[in-house]
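Topology and contacts: notes
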Protein chains: 2
Amino acid sequence: MSLVIKDAKIIGKEGNWDVLIDDGKIKSISEKEDGAKSLDASNKYLSPGFFNTHTHAAMSLFRGVADDREFWDAWPEVVWPLEEKLEAEDVYWGTKLACLEMIKTGTVAFNDMYFFMESAVDAVEEMGVKAVMSYGLIDEKDPDKLEDEIVATKNFVEYAKDCKNIKPALGPHAIYTVSRDGLEWCSEFAEKEDLLVNIHLGETEKETKDFKKDYSGTFSEYLAEVGLLNERTIAAHCVWLEDQDFSSLAENNVTVSHNPSSNMKLGVGKPMEYERMSEEGVEVTLGTDSTVSNNNLDMLEEAKTAALQQKMSGDATLMSAEECYKMLTKEGAKAMGFKSGVIEEGRPADLILLDKDVKATPEHDDISNLIYSMDGSSVTAVIIDGKVVMEERKVKGEKEIIKNATARSKQLVSGVI
Amino acid sequence: MSLVIKDAKIIGKEGNWDVLIDDGKIKSISEKEDGAKSLDASNKYLSPGFFNTHTHAAMSLFRGVADDREFWDAWPEVVWPLEEKLEAEDVYWGTKLACLEMIKTGTVAFNDMYFFMESAVDAVEEMGVKAVMSYGLIDEKDPDKLEDEIVATKNFVEYAKDCKNIKPALGPHAIYTVSRDGLEWCSEFAEKEDLLVNIHLGETEKETKDFKKDYSGTFSEYLAEVGLLNERTIAAHCVWLEDQDFSSLAENNVTVSHNPSSNMKLGVGKPMEYERMSEEGVEVTLGTDSTVSNNNLDMLEEAKTAALQQKMSGDATLMSAEECYKMLTKEGAKAMGFKSGVIEEGRPADLILLDKDVKATPEHDDISNLIYSMDGSSVTAVIIDGKVVMEERKVKGEKEIIKNATARSKQLVSGVI
């Protein structure tokens, strides 16, 4: 089926264009086209959709349960007890809720780590979003538990591997929650099956200090030893690193998922050292983390927050709107192994339209408007692999998702908060 | 004319309510009511509208012209030359554009300082928003210029004093741009006419360092000497203060307008010391500053940014969602001398409705949803003094405003950027 997006102002490109989509790919951006179905994009911006490189989607059921509290206060008392109560059906509706919010704010692909991931996969497939998805492997350094986690991981990868829009990945949660054996198994299995690997790294100062009690080297040395310092790894947070980690991450092509809102809201204590990462050549992308620590999945908001966080310390030139835009699109897609993120002929058609509303007036600089003024609510249409999953801000089944997610979340929090 | 808001979930209050508005005031929130006109608020939040305590509204014409650059690089090269070209008609359309954005994001009143303020007053009156408005007095320490600025200020106050929704105020721009004589005149005139006073204070480290070259005391000592350390003064920014300034501002009931996005985007170098201000009892409110340094006027976004800025340095408990909400509503209204900001019988009906959309799901905590997840685009209706100025996100004349503001701004930037 072909689709024409008519008269579109492509972000960062002069003039207005007709974009022809055929068989899920961008066939032409150069000519006036007529197709079976057309989307009017006059007075709209056309952009690649956004790529969120760190989420725990189903936690959208817990939005707002742990605000204004320290992680080590709120998580043991509220979040972990809630997660103990989780069932597969909760994860299904929580993931649907997250997908709905992502679609409504222009995200076309995300990188997830959580539990009951088979249910999460079902939700994502039904929503038509793309995702890298990983089961959060946590063995608490217990060999018996590792055995179980390996089985759960293998089952999940088997379940997800033939899904159209999903790339299964591995999810060793963090160095402090997974044994050396567990990390080594992940490395070997990832290489054998050709999978990406998600891990949390250097989120808090406590994590770094605790690590140094047991190990004399740096995070990157340890990751190298267990076989995870390579281009498969997407490391979330990376706030508390040591000097040599920066060059090691860069040289070994580890991707960083920077989560500024979550880091700030949980009080991690300092900005991520983006300037140093850029200088060393680390590939940095953007993630929202979960809605418990954010509390939304709006990537345009995340990008502005990222820029403000960098600039605050005294250099207004750090992390420009253009750099933010690249992280949201091209760099995010590349990190997750998707070929979209750029509007070029032959690329998969993972695209969004945004209303040129009051926040986009006047139009001195479209990338500036997008990053510093607009938010995800400006997104009017979302196209994934050429299929329109949102038009005029309407997503199929949204009322049912809100109803069911609300019901499941009410039941979960009952007696906990 | 009476109006009933039916079946509304009032933020922070259990249950759903009918709110009867009569003669511009909240008459009843306690009974089921039928009125001549009713607004259906089922599945919506009802809240006092927001109060933006620091703006340069007409600068909305310049949104995006000076991103990712230092103030002392971009302002002399871009912003000031643009302001040199400004005419009254530009300020009229720029202020209308800002009012439109404020209405669309739930702001019912703002505190403005700029030039050609008669035109700004006309724009605000036509839009139906409330405002404290001040002519930006800048004499560059030149006595002749001060004479002219006094005339301009007096003319503006005379022009605005009988406007329904507007409180004229004085606007000595800053200690570094106004002579001691100018500041003293403002103090005397403000007292004589019973006016609020807007001033920029301690925005950058350079400002503080330069000040110390000519004066041995602190900002607050100097303000006391010139007669501006009192309850009339709203001081914007207040990032770079000295120890004793905190207690002096508190004891003398100066209001601070905290502008986190602008401060961060311009790289002022550190967070405003909110914890210390709270401990000392300084009244803190929130402002967006202009769209050149923000780049929008969305107070919900500003509130989240404020909280994230505070927490980042290491204490996740600093500046809670509830404190943000109070600054947006009750504290902001109080600072500007408006009696709204609270939903109580007898208060002016300056109210907003917000859609409980996906960002407000689930509803574990409505204030958390509002501050940390939603943004201004969730606002569906705005009521000012009982009059509906936005319904179903439609504002009268918005297309004309966008068209004219776009045309004026294009003409202004031609040859400058």
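Residues numbered from 1 in each chain as written. Chains lettered and ligands numbered in written order. Predicted model: local features only at pLDDT ≥ 70, side-chain atom pairs only at ≥ 80, totals over all residues. Heavy atoms only, no water.

Quick word on the packing of aromatic side chains
For the coordinates displayed, the defined rule picks out 26 aromatic pairs over all chains. Taking the centre distance of 4.7 Å and the plane angle of 15° together, the rings of Trp185(A) and Phe189(A) count as stacked. In this pair, Trp185(A) and Phe189(A) both sit in helix H5 (residues 180-193), 4 residues apart, roughly one turn of the helix. When sorted by exposure, Trp185(A) lands in the same class as Phe189(A), which is buried. Taken together, the aromatic side chains of Phe71(A), Trp72(A), Trp75(A) and Trp80(A) make up a single cluster linked through ring pairs. The ring of Trp72(B) carries the charged tip of Lys206(B) above its face, separated from the ring centre by 5.1 Å. Just above the ring of Trp240(B) sits the side chain of Lys270(B); from NZ or CZ to the centre is 4.1 Å. (Phe/Tyr/Trp six-rings, centres within 6.5 Å; stacked < 30°, edge-to-face > 60°. Helix = DSSP H or I, 4+ residues; strand = E, 2+ residues; numbered from the N terminus. Buried < 20%, exposed > 50% of the residue type's maximum accessible area, 1.4 Å probe, protein only. Lys NZ or Arg CZ within 6 Å of the ring centre and 35° of its normal.)

A short note on a negative patch on the surface
A cluster of like negative charges, contributed by Asp142(A), Asp144(A), Glu147(A) and Asp148(A), occupies part of the molecular surface. Residue placement: Asp148(A) occurs in helix H4 (residues 143-160). (Patch = residues over 30% accessible without salt bridge, like charges linked within 9 Å, V, L, I, M, F, W, Y side chains within 5 Å. Areas by Shrake-Rupley, 256 points an atom, 1.4 Å probe, with all protein chains shown as cover. Salt bridge = Lys/Arg side-chain N within 4 Å of Asp/Glu carboxyl O. Lys, Arg positive; Asp, Glu negative; His and termini not counted. Charge placed at Lys NZ, Arg CZ, Asp CG, Glu CD.)

Here's the deal with the interface of chain B and chain A
With 61 residues of chain B at the contact, the number on the chain A side is 61 residues. Scanning the region where chain B abuts chain A turns up 6 salt bridges. Summed over the shared surface of chain B and chain A, the result is 40 residue pairs in polar contact (both at pLDDT 80 or more). Those elements that place two or more of their residues in the side of chain B that touches chain A are helix H2 (88-104), helix H9 (260-265), helix H11 (299-312), helix H13 (366-373) and helix H14 (398-413) of chain B. Of the residues forming the side of chain B that touches chain A, the biggest block, 7 residues, is contributed by H11(B). Within the side of chain B that touches chain A, the residues separate by chemical class into 20 nonpolar, 23 polar and 18 charged. (Contact = heavy atoms within 4.5 Å. Polar contact = N/O pair within 3.5 Å; in protein donor to acceptor, adjacent residues only side chain to side chain. Nonpolar A, V, L, I, M, F, W, Y, C, P; charged D, E, K, R; others polar.)

Details of the domain arrangement of chain A
You'll often see interface size given as the accessible area lost when the parts meet. Residues and elements named next belong to chain A. Looking at the assigned domains, one finds that chain A contains domain 1 (2-48 + 349-398) and domain 2 (50-336). Once you take the C-alpha centre of each, domain 1 and domain 2 turn out to be 28 Å apart. Taken together, the contacts link 25 residues of domain 1 with 27 residues of domain 2. Note on domain 1 versus domain 2: buried area summed over both sides is about 2200 Å², and carbon and sulfur give 68% of it. Area buried by domain 1 at its contact with domain 2 is led by Ile-371, Tyr-372 and Ile-384, which between them contribute 30% of it. Where domain 1 meets domain 2, there are 4 salt bridges. Notably, a salt bridge pairs Asp-350 with Lys-130, separated by 2.8 Å at the nearest N-O pair. Inspection of the region where domain 1 meets domain 2 yields 7 residue pairs in polar contact (both at pLDDT 80 or more). Take the side of domain 1 that touches domain 2: its biggest share by element is 5 residues, from helix H13 (residues 366-373). Taken together, the residues of the side of domain 1 that touches domain 2 break down into 16 nonpolar, 4 polar and 5 charged. (Domains from an automatic or database assignment. Buried area = accessible area lost by both parts, 1.4 Å probe.)

Some words on the pairing of strand E8 (residues 130-137) of chain A
Residue and element names in this part refer to chain A. Taking burial as the measure, the 8 residues of E8 include 8 buried ones, the bulk of the element. Summarising the sheet, strand E7 (residues 107-114) and E8 pair through 6 bridges and their orientation is parallel. In the strand pairing of E8, Asn-111 is matched with Val-132. This β-α-β element, E7 to helix H3 (residues 117-127) to E8, shows right-handed connectivity. Between the parallel elements E8 and strand E9 (residues 166-172), the chain passes through H4 in a crossover that is right-handed. (Pairing = 2+ DSSP bridges. Right-handed = clockwise from strand over helix to strand, strands pointing away.)

Considering unusual backbone geometry
The omega angle of the peptide bond from Thr361(A) to Pro362(A) is -5°, so this bond is cis rather than trans. Along the chain, Pro362(A) falls in the loop between strand E14 (351-355) and H13. Phi is positive for His237(A), close to 90°, though the residue is something other than glycine. With respect to the helices and strands, the residue His237(A) is situated in strand E11 (residues 233-237). Phi angles above zero are rare outside glycine, and Asp385(B) is one such case at about 50°. Turning to its location among the elements, Asp385(B) is positioned in the loop between strand E15 (379-384) and strand E16 (387-391). Residue classification places Asp385(B) among the partly exposed residues on the basis of a relative accessible area of 25%.

Considerations on helix H3 (residues 117-127) of chain B
Structural remark: α-helix, 3.6 residues per turn; residues separated by three or four positions point the same way. For H3(B), every residue scored as buried is listed here: Met117(B), Ser119(B), Ala120(B), Val121(B), Ala123(B), Val124(B) and Met127(B). Phi for Gly128(B), located one or two positions after H3(B), is positive at around 80°.

Looking at the pattern of salt bridges
Residue and element names in this part refer to chain B. For the coordinates displayed, the defined rule picks out 66 salt bridges over all chains. Note that Lys-164 and Asp-385 form a salt bridge whose closest N and O atoms lie 3.8 Å from each other. With Lys-164 in the loop between helix H4 (143-160) and strand E9 (166-172) and Asp-385 in the loop between E15 and E16, this residue pair connects regions lying 221 residues apart in the sequence. In this structure, Asp-210 and Lys-213 form a salt bridge, with 3.2 Å as the shortest nitrogen-oxygen distance. Of this pair, Asp-210 and Lys-213 are both found in helix H6 (residues 205-214), 3 residues apart, which corresponds to roughly one turn of the helix.

Some thoughts on the environment of Thr233(B)
Residue and element names in this part refer to chain B. Tracing the chain through its elements places Thr-233 in strand E11 (residues 233-237). Distance from Thr-233 to Thr-177, taken between C-alpha atoms, is 17 Å for residues 56 residues apart in sequence. With near-sequence residues (within four places) excluded, Thr-233 lies in contact with Val-197, Ile-199, Leu-228, Val-254 and Thr-255.

Structural notes on the relation of the copies chain B and chain A
For the pair chain B and chain A, the superposition axis carries a translation of 0.0 Å, the fit reaches an RMSD of 0.0 Å, and the rotation angle comes to 180°. Taken together, the rotation angle and the small translation identify this as a two-fold axis. In terms of C-alpha distance to the rotation axis, chain B has Ser377(B) as its closest residue, with the C-alpha 3.1 Å off the axis. When the interface residues of chain B are mapped onto chain A, 100% of them again lie at the interface, so the same face is used by both copies. (Least-squares fit on C-alpha atoms with pLDDT ≥ 70 in both.)

Overview of the side chain of Arg408(B)
Structurally, the position occupied by Arg408(B) is in helix H14. Exposure remark for Arg408(B): the relative accessible area of 18% places this residue in the buried category.

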